[in-house]
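Read off the chains here:
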Amino acid sequence: MSAVTAPYAMPVPAADPLDARARLDAGVRTGALVALWAGLLLVTYWWATGGGIQDLAGWETGLTSTGRLTGLLAAFLLLVQVLLMARVPVLEAAFGQDRLARLHRYVGFTSFNLMLAHVVLITWGYAAGELTRTPATLWELTVDYPGMLLAVAGTAALVMVVVTSVKAARKKLRYESWHLLHLYAYLGVGLALPHQLWTGQDFLASTARTVFWWGLWIAALVAVLGWRVALPLWRSARYGVRVTSVVHEDADVVSVYMSARRGVRMPFEAGQFFGFRFLNGPGWTRANPYSLSAAPDGRSLRITARVVGDGSAALRKLRPGTRVLVEGPYGRLSPRARSRRKVALIGAGVGITPLRALAEGLDYAPGEVVVLHRFRDRPLFQHEFDQLALERGLDVVWLPGRRRAAGSWLGAGVGRVDDLTALRYWVPDIAERDVYVCGPEAWAEDVRRTAESAGVPAEQFHAESFGW
């Protein structure tokens, strides 16, 4: 039976399913930003109504008052950065871990600087504004005030984390070492709590403040224990993932095939990445992040990695049957971010792996998806891309050669044509497409600039780098 429409009824266009999740994620990002600023303003308001502004009239009281404010803001941002990296699913889906990591870094450095300012200003104020008395006053505060020794230990842990997070220091550390040191941030945050509750009257001056701060602390603790510990353990036990085979794609590139136990389906999407722990010996306690290099079918997974460190080198030694602990899925380089029928996938080197999975997993008609793959010696998955081109109408553009110059994302084999002209030649309708990019961070930023010059809106550009 056909439906009858009243003659006065206006036709309502059906919602585009491609936009639904993208709109939801945009709303979450806006809500998170509003919550962040609301929290900062609320903390500042409580400081102001607690005499913070009046105290600025005097030198000693002004130092102490400013120290109170910087301490409150530092404490709030410290908990915010914990939540940013707690793998909260709604935030992961809306921002992606790559973007969350950048926000975490900015918030972390800001919180750390405010914490140092808090220590200096409070101590200076307690020293009656006399700089020469500050060292002795700092010692008295440390040994006489409750919780201060723990706070000093927590500060030392945070200093270590911050120092090793500076880009110059990260370049000299293995990923495994950096990851282990970074876990001390949780220790630093935990050791700061007694000091704040025992000596920080701004935390306990009213019921509303007590509820706010305790609620924020509990939320951070629950988020970390729930989504970083309990959920991965539950998923790993439920899926029972094991290695099925290991394939050497190239001299320094290896693929690992895995599958879940029979009767269990894994609801993962192409383009996502995971933290994997292979239970085959030393080093299993550290999760290493790898993107899926093939579209998941509900039971099987494949990752492909270039051997650059201890974690990736260990992949060569895996044996069929090895148990695997899985954290994830993470990242927005997936169909979730898609808002257009047409898509451009741009990858460099081993960064092509999640794009290879997307080329298989996305729903598209011939000509709607194009892959631009820059490589040095020979392209990864060439045969698989050729098959997708033959069977599904995937357009593939090979970009051979090493990166030809700083500021260019193209290879030397392309010639002298500028990046923008080349992109518009290969993908004339690039501004009408979602653009997915994966590769080294600096290279991906060059692609972003070219895409923006070609008219690609920011909300249609989705990038993920494999730096740390």
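Computed from a predicted model, the values in this text were never measured in an experiment. (Residues numbered from 1 in each chain as written. Predicted model: local features only at pLDDT ≥ 70, side-chain atom pairs only at ≥ 80, totals over all residues. Heavy atoms only, no water.)

### Looking at the overall build of the chain
Definition in use: Strands here mean DSSP runs of E at least two residues long; helices mean DSSP runs of H or I at least four residues long; both are numbered from the N terminus. Think of it in three bands: with a 1.4 Å probe and only protein chains considered, a residue is buried below 20% of the maximum accessible area for its type, exposed above 50%, and partly exposed in between. Contacts are assigned to residue pairs that have any heavy atoms within 4.5 Å of one another. Method for areas: the Shrake-Rupley scheme with a 1.4 Å probe, in which residue coverage is limited to the protein chains shown.
The number of helices and strands found in the chain is 15 helices and eleven strands. Of all 468 residues assigned to the chain, the portion counted as buried reaches 47%. Intrachain contacts of the chain at a sequence separation of at least 6 include 71% that bridge at least 24 residues. Carbon together with sulfur atoms contributes 62% to the accessible area of the chain, which is approximately 23100 Å² in total.

### Topic: empty space enclosed by the protein
The condition is simple: Only protein atoms enter the 1 Å grid used here, on which a cavity is any set of points holding a 1.4 Å probe that cannot leave and a pocket is any open set flanked by protein within 12 Å on both sides along at least five of seven lines; residues with an atom within 4 Å of a point are listed as lining. Grid points are joined across faces, edges and corners, and a volume is the space filled by probe spheres set on the points. Residues are grouped as follows: nonpolar covers Ala, Val, Leu, Ile, Met, Phe, Trp, Tyr, Cys and Pro; charged covers Asp, Glu, Lys and Arg; every other residue, Gly included, is treated as polar.
One pass over the structure, following the stated rule, counts one cavity of 30 Å³ or more. If you add up the space inside the largest cavity, you get close to 30 Å³. Every residue lining the largest cavity is listed: V43, W46, W47, L72, D202, R209 and W213. Counting only elements with at least two residues in the lining of the largest cavity, the list comes to α1 (17-52) and α10 (207-239). Sorting elements by how many residues they give to the lining of the largest cavity places α1 first, with three residues. Here the residues of the lining of the largest cavity are counted per class, giving five nonpolar, no polar and two charged.

### Considering the pairing of strand β9 (residues 395-400)
Applicable threshold: At least two DSSP bridges between two strands are required for those strands to pair.
Here strand β8 (residues 369-375) pairs with β9 via six bridges, running parallel. Of the residues in β9, the one forming a bridge with V370 is D395.

### Focus on the packing of helix α2 (residues 59-84) against helix α4 (residues 97-126)
Condition: In this analysis, axes come from line fits to C-alpha atoms, helices being fitted only over the stretch in contact, and the angle between any two N-to-C directions falls in the range 0 to 180 degrees. The cut-offs work like this: below 35 degrees is roughly parallel, past 145 is roughly antiparallel, 65 to 115 is roughly perpendicular, and the gaps in between are oblique. Note on convention: the crossing is left-handed when the near helix lies turned anticlockwise from the far helix by less than a right angle, right-handed when the turn is clockwise.
Where α2 contacts α4, the axes come no closer than 7 Å and their chain directions differ by 155°. Judged on the interaxial angle alone, α4 and α2 are roughly antiparallel. Here α2 runs over α4; the crossing is left-handed.

### With respect to the sheet that holds strand β10 (residues 434-439)
The sheet built from five strands is open, its strands ordered β9-β8-β7-β10-β11 with parallel pairing. Edge positions in the open sheet fall to β9 and β11 (461-465), since each of these has one partner strand only. Shown here is a sheet whose adjacent strand axes are inclined to one another by a mean of 10°, direction ignored. Here strand β7 (residues 343-348) pairs with β10 via five bridges, running parallel. Each bridged residue has a counterpart across the sheet, and for I346 the counterpart in β10 is V437. Contacts from helix α12 (residues 353-361) reach β7, β8 and β10, with the element oriented near 155° to β7.

### Concerning the packing of aromatic side chains
Keep this limit in mind: Two rings belonging to Phe, Tyr or Trp (six-membered ring only in the last case) form a pair when the distance between their centres is within 6.5 Å. Interplanar angles under 30 degrees mark stacking, angles over 60 mark edge-to-face geometry, and anything in between is tilted. Whether a charge sits over a ring depends on NZ of Lys or CZ of Arg being within 6 Å of the ring centre and within 35 degrees of the ring normal.
Throughout the structure, instances matching the rule amount to 13 aromatic pairs. Their ring planes at 75° and their centres at 5.4 Å tell us that W46 and F212 sit as a pair that is edge-to-face. Residue W46 is found in helix α1, and its partner F212 is found in helix α10; the two are separated by 166 residues along the sequence. Across the pair, F212 and W46 agree in class, each one buried. Each member of the aromatic cluster is reached from another via a ring pair, and the members are Y239, F268, F274, F276, F278 and Y290. Lying over the aromatic face of Y330, R87 brings its terminal NZ or CZ to 5.2 Å of the ring centre. For R392, the ring lying beneath its charged end belongs to Y364, and the centroid distance is 4.0 Å.

### Thoughts on the nonpolar core
This is how the line gets drawn: To form a nonpolar core, buried Ala, Val, Leu, Ile, Met, Phe, Trp, Tyr and Cys residues must be joined to one another through side-chain atoms within 4.5 Å.
Formed by 40 residues in total, the largest nonpolar core has its most connected members in V43, F76, L79, F212 and W213. If you tally residues by element for this core, the top one is α2, at twelve residues. Not counting chain neighbours up to four residues away, the residues in contact with L79 comprise V189, W213, L216, W217 and A220. Core analysis: the next-biggest nonpolar cluster, separate from the first, contains 23 residues, L345, A357, L388 and L394 among them.

### Regarding the pattern of salt bridges
Which entries qualify depends on this criterion: When a carboxyl oxygen of Asp or Glu lies within 4 Å of a side-chain nitrogen of Lys or Arg, that pair is called a salt bridge.
As enumerated under the stated definition, the model contains 19 salt bridges in all. Ionic pairing is found between R449 and D446, a salt bridge with its closest N-O pair at 2.1 Å. Here the residue R449 and the residue D446 both occupy positions in helix α15 (residues 441-453), the gap between them amounting to three residues, near one helical turn. What you see here is one network of salt bridges that share partners, running through R302, R356, E360 and E384.

### Quick word on the confidence of the model for the chain
Test applied: Residue-level confidence of the predictor is what pLDDT reports, using numbers from 0 through 100.
Here the chain averages 85 in pLDDT, while 88% of its residues score no lower than 70. A low-confidence stretch, residues 1-15 stays under pLDDT 50, and its non-local contacts, those more than four residues away or across chains, total one contact.

### Observations regarding the environment of V254
Mapped onto the secondary structure, V254 falls in strand β2 (residues 253-259). Residue V254 is classed as buried on the basis of its relative accessible area, which comes to 1%. Along the sequence, V254 and R316 sit 62 residues apart, while their C-alpha atoms lie 6.9 Å from each other. Not counting residues up to four positions away in its chain, the partners in contact with V254 are V246, V247, H248, E249, I303, T304, A305 and L315.

### Overview of unusual backbone geometry
In this chain, G328 is followed by P329 through a cis amide linkage whose omega measures 15°. Mapped onto the elements, P329 comes out in strand β6 (residues 324-330). If you check the backbone angles, R87 has positive phi at about 60° while not being a glycine. Mapped onto the elements of the fold, R87 is located in the loop between α2 and α3 (89-95). Non-glycine residue F381 carries a positive phi angle of around 60°. Note that F381 resides in the loop between β8 and α13 (382-392).

### A look at a nonpolar patch on the surface
For clarity, the cut-off: Patch membership is restricted to residues that have no salt bridge and whose relative accessible area is over 30%. Joining uses 9 Å for like charges and 5 Å for the nonpolar side chains Val, Leu, Ile, Met, Phe, Trp and Tyr.
On the surface, a nonpolar cluster with roughly 360 Å² of combined accessible area is contributed by L204, W214, I218 and V222. Here W214 lies in helix α10. A residue is classified by how much of its surface remains accessible, and W214, at 38% relative accessible area, is partly exposed.

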